[in-house]
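Chains, contacts and geometry: an overview
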Amino acid sequence: MRLNADYHTHTLYSHGKGSIRENIEVAITEGLERIAISDHGPACYGFGVKDAATFLEIKREVDKYDRLYPEIKVLTGVEANVISLDGKLDLPRFILEELDVVLVGLHLPIKPLSWRDGVGIIFNNLITYKLGLKATTIREKNTGALINAMHNYPIDIITHPGYRINIDTQMLAQEAAKSDTALEINASHGYLNEEFVKVAADENIKFSLGSDAHKPADVGRVEPALQVARNAGLGVEDIINVV
Ligand SMILES: [Zn+2]
Ligand SMILES: [Zn+2]
């Protein structure tokens, strides 16, 4: 099994360390056929892009390099944030429609849509994470927010499910199967982990391996994720970006 596309890479537009061009050049060296530039949506405190319109700027740059480097397909993506319990994202639809790949993650801290969403998503998660409590209600809220997002928008990939966030993997995977959304095995954060992959695989979903590169040298580096996939018994047919 070998990676042929990395859909999860960050640049200086959010809190990555390199430029779009540098990410592309490493992807070519790594032998990838496709790369997406998928910077953080604007709702991430301190590390998101400046505003939603920045993605139009990124798209112009991506399109320029896509013409300049015919050996690789360069895609404009986003790692958008869920900002409300009813599954709203931090980008307006007219911007999402301009993008080639939509990744969505549940991140903390984010700027929530309302104080109620703030309590529901941020406060409760931080408290349970800090105390290490197993909180069924929080898991239902987190899972529900992601499921609602899949209902509301066409989402290609849910990033690192379970990373710092309590998730019902089976329920998430059932909706992902219906919505044709892949769940990510993230090489940087270790989620989905092997146990979660096995649970999700029972629902016949697709997986995506993501480097979550925050510097160009990490583009296409997904060995830990490949190892999780192998250990969980996944094959090429289960993963959207390997051959
Ligand atoms: Zn993320
Ligand atoms: Zn990321």
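Everything quoted here is computed from the prediction, not taken from an experiment.

Section: the sheet that holds strand β2 (residues 34–40)
In spatial order, the strands read β1-β2-β3-β4-β5-β6-β7; together these seven strands make up an open sheet with parallel pairing. A single partner strand is all that each edge strand has here, and the edge strands are β1 (5–6) and β7 (207–210). The sheet strands contacting helix α8 (residues 223–231) are β6 (182–186) and β7, and the helix crosses β6 at an angle near 120°.

A short note on helix α2 (residues 54–68)
Side chains of residues three or four places apart in an α-helix project in the same direction, reflecting 3.6 residues per turn. If you check α2, its first and last C-alpha atoms are 21 Å apart, about what 15 residues at 1.5 Å a residue would give, namely 21 Å. Turning to α2, its buried residues are Thr54, Phe55, Ile58, Lys59, Glu61, Val62, Tyr65 and Asp66.

Examining the coordination of the zinc ion (ligand 2)
In a perfect tetrahedron of four donors around a metal, the angles come out at 109.5 degrees. In a perfect octahedron of six, they are 90 or 180 degrees. All of the protein donors around the zinc ion (ligand 2) are His8 (NE2), His10 (NE2), Glu79 (OE) and Asp212 (OD); their distances to the metal are 2.1 to 2.2 Å. What the four donor atoms of the zinc ion (ligand 2) show is an angle range of 82 to 168° at the metal, which sorts the shape as irregular. Coordination of the zinc ion (ligand 2) draws on donor residues from a single chain, spaced H-x1-H-x68-E-x132-D in sequence. Between the zinc ion (ligand 2) and the zinc ion (ligand 1), a separation of 3.4 Å is found, and both are coordinated by Glu79. Of the two residues, His8 is situated in the loop between β1 and α1 (20–29) and Glu79 in strand β3 (residues 73–81); the sequence distance between them amounts to 71 residues.

Parameters at a glance
- Residues numbered from 1 in each chain as written.
- Chains lettered and ligands numbered in written order.
- Predicted model: local features only at pLDDT ≥ 70, side-chain atom pairs only at ≥ 80, totals over all residues.
- Heavy atoms only, no water.
- Pairing = 2+ DSSP bridges.
- Helix = DSSP H or I, 4+ residues; strand = E, 2+ residues; numbered from the N terminus.
- Contact = heavy atoms within 4.5 Å.
- Axes fitted to C-alpha atoms, helices over the stretch in contact; angles between N-to-C directions.
- Expected span 1.5 Å × (residues − 1).
- Buried < 20%, exposed > 50% of the residue type's maximum accessible area, 1.4 Å probe, protein only.
- Donors = N, O, S within 2.8 Å, 3.2 Å for Na, K, Ca; no water.
- Tetrahedral: all angles 85-135°; square planar, octahedral: opposite > 155°, others 65-115°.

It is worth stressing that arrangement in space is one thing and function is another; only the former is reported here.
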